[in-house]
Each structure stands twice: as C-alpha cells, then as structure tokens.
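# Chain and residue survey
Take a look at the letters that make up each chain.
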Amino acid sequence: MTGNITFTMIKPDAVEANNIGPILAMINKAGFNILAMKYMRLTKEQAGQFYAVHKERPFYGELTEYMSSGPIVAAILTKPNAVADYRQLIGATDPTKADEGTIRKVFAKSIAANAVHGSDSNENAQIESNFFFSELERF
Ligand code: IDP
Ligand code: MG
C-alpha cells in the first residue's frame, strides 16, 4: 500500500443520477488508488450504525433514511495524506459552501444528499473501512 487510507461512499443521490463513473474519474485523476470497492444497499439499521456518532443530531433520522434509500458504492482509497486530501477533493458538507471543482460542488443536490462521504480522521478511516470490508476484499 502506498500512503495511507481513507474511506468513501458514493451516496444514493449520486448513484441515482448516474454519477458513479464521473466521480470515480475525479477520484483517480486526483491520484487516489482503489484498495477495495463494492456496490450495495444499506439497511436503515446499518446506516444508523455507520453514522452512530451523529445519533443526537437533529438530522440523524433524515440521514439514515436517505442513506438507506438506494444503493451506494463503498470504497477504500489510498494515497499519501489520503484523509486530508480527500476531504479537500470532496469539498464542504454543504454544497453551497463547497469550493469550485470539488466533487460536492459539481454533484451534490443538498446538504443531506451531498454525493459522497469521506472519513474525517485516520482512526475513522480504519473504523469505517472495517465496517464494510474484510481483509480478503482488499487488494
Ligand atoms: P461530512 O459528511 O462532511 O463529514 P458530517 O457533519 O459528518 O459531514 O455529517 C454527515 C452527513 O450528514 C453529511 O455528509 C450529510 O449527508 C448529513 N448532514 C450533515 N449536516 C446536515 C444537516 O444540517 N441537514 C441534513 N443532513 C445533514
Ligand atoms: Mg463526517
């Protein structure tokens, strides 16, 4: 593995809009390699587990409903400085505040349906990757 890892999801709004390909192209163009990847749909319970850190937030119900509303693409990405570089590539949580050229600026529909997830720390990148992928699924 070169560099460290981050975990991403292409969220239901972006999958529904046929933006898997364009988003993966931006990810590869920015220098990230794919260590693991799958296309799947989360149950509301699984979405709740994944976002458990946000349980007390007012948008938790909306978020877990939305994240289980359709299929997603989950992936582990590698690159030197992966976590910070990927947060920069995806842009701010609220797409109206995201920089030009970021994934969320280009593809997000709203603050909830914001096209992609990106880990916020190395520790969470490990936890989130382990939530979705076994060692046998990483290459
Ligand atoms: P992040 O995805 O940029 O790290 P977080 O604050 O960790 O943002 O929030 C997790 C996810 O919860 C966001 O990506 C978005 O889908 C959703 N979310 C965050 N804030 C709001 C909100 O104010 N309303 C609705 N959904 C929100
Ligand atoms: Mg977050």
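The structure under discussion appears in the preceding block.
Bear in mind the structure is a predicted one, so any value in this text is a computation, not a measurement.

What follows deals with the overall build of the protein. Of the regular secondary structure elements, the protein holds 7 helices and 4 strands. Written out in order from the N terminus, the α and β elements of the protein read β-α-α-β-α-α-β-α-α-β-α. Taking 14 Å as the expected radius of gyration for a compact globule of 139 residues, we find that the protein reaches 14 Å, a close match to that expectation. With the C-alpha coordinates of the protein rotated into their principal frame, the extents come out at 40 × 35 × 25 Å. In the protein, once contacts between residues fewer than 6 apart in sequence are set aside, the share between residues at least 24 apart is 76%. For the protein, the exposed area adds up to about 7,300 Å²; of that, 53% sits on carbon and sulfur atoms. If the 14 positive side-chain charges of the protein are averaged to one point and the 15 negative ones to another, these points end up 3 Å apart.

For the rest of this paragraph, the subject is helix α5 (residues 82–90). Count 3.6 residues to each turn of an α-helix, and residues three or four apart come out pointing the same way. Within the sequence span of α5, burial applies to Ala82, Val83, Tyr86, Leu89 and Ile90. Summarising the axial view, the buried residues of α5 lie within an arc of 125 degrees, below the 170-degree limit, and thus occupy one face. Against β1 (4–10), α2 (20–29), β3 (72–79), α6 (103–107), β4 (116–118) and α7 (122–132) lie the buried residues of α5. Remark: Gly91 follows α5 within two positions and exhibits a positive phi of approximately 85 degrees.

Looking at the element boundaries, Thr8 is found in strand β1. For Thr8, a relative accessible area of 2% puts it in the buried group. At a separation of 2.7 Å, a polar atom in the side chain of Thr8 contacts the main-chain carbonyl oxygen of His117. Ignoring sequence-local partners within four residues, the contact set of Thr8 consists of Val73, Ala74, Ala75, Leu77, Tyr86, Val116 and His117.

Once that is clear, we can look at the site of ligand 1. Around ligand 1, a shell composed of 13 residues is seen, among which Lys11, Arg87, Thr93, Ala112 and Asn114 lie nearest. At a separation of 2.5 Å, an oxygen atom of ligand 1 approaches a polar side-chain atom of Thr93. Contact with the protein chains covers 82% of the free accessible surface of ligand 1, which is 530 Å². Considered class by class, the residues forming the shell around ligand 1 number 5 nonpolar, 3 polar and 5 charged.

It is worth spelling out the pairing of β1 at this point. Taken across its 7 residues, β1 has 6 buried, putting it largely inside the fold. Where β1 and β3 come together, 7 bridges link them in antiparallel fashion. Residue Thr6 lies in a different strand from β3, and its bridge partner there is Leu77. The pairing of β1 with β4 spans 3 bridges and is antiparallel. Bridging from a neighbouring strand, Thr8 pairs with Gly118 of β4.

About the criteria used
Residues numbered from 1 in each chain as written. Chains lettered and ligands numbered in written order. Predicted model: local features only at pLDDT ≥ 70, side-chain atom pairs only at ≥ 80, totals over all residues. Heavy atoms only, no water. Helix = DSSP H or I, 4+ residues; strand = E, 2+ residues; numbered from the N terminus. Rg over C-alpha atoms; globule rule 2.2 N^0.38 Å. Contact = heavy atoms within 4.5 Å. Areas by Shrake-Rupley, 256 points an atom, 1.4 Å probe, with all protein chains shown as cover. Lys, Arg positive; Asp, Glu negative; His and termini not counted. Charge placed at Lys NZ, Arg CZ, Asp CG, Glu CD. Buried < 20%, exposed > 50% of the residue type's maximum accessible area, 1.4 Å probe, protein only. Arc of directions from axis to C-beta. Polar contact = N/O pair within 3.5 Å; in protein donor to acceptor, adjacent residues only side chain to side chain. Near = heavy atom within 4 Å. Nonpolar A, V, L, I, M, F, W, Y, C, P; charged D, E, K, R; others polar. Pairing = 2+ DSSP bridges.

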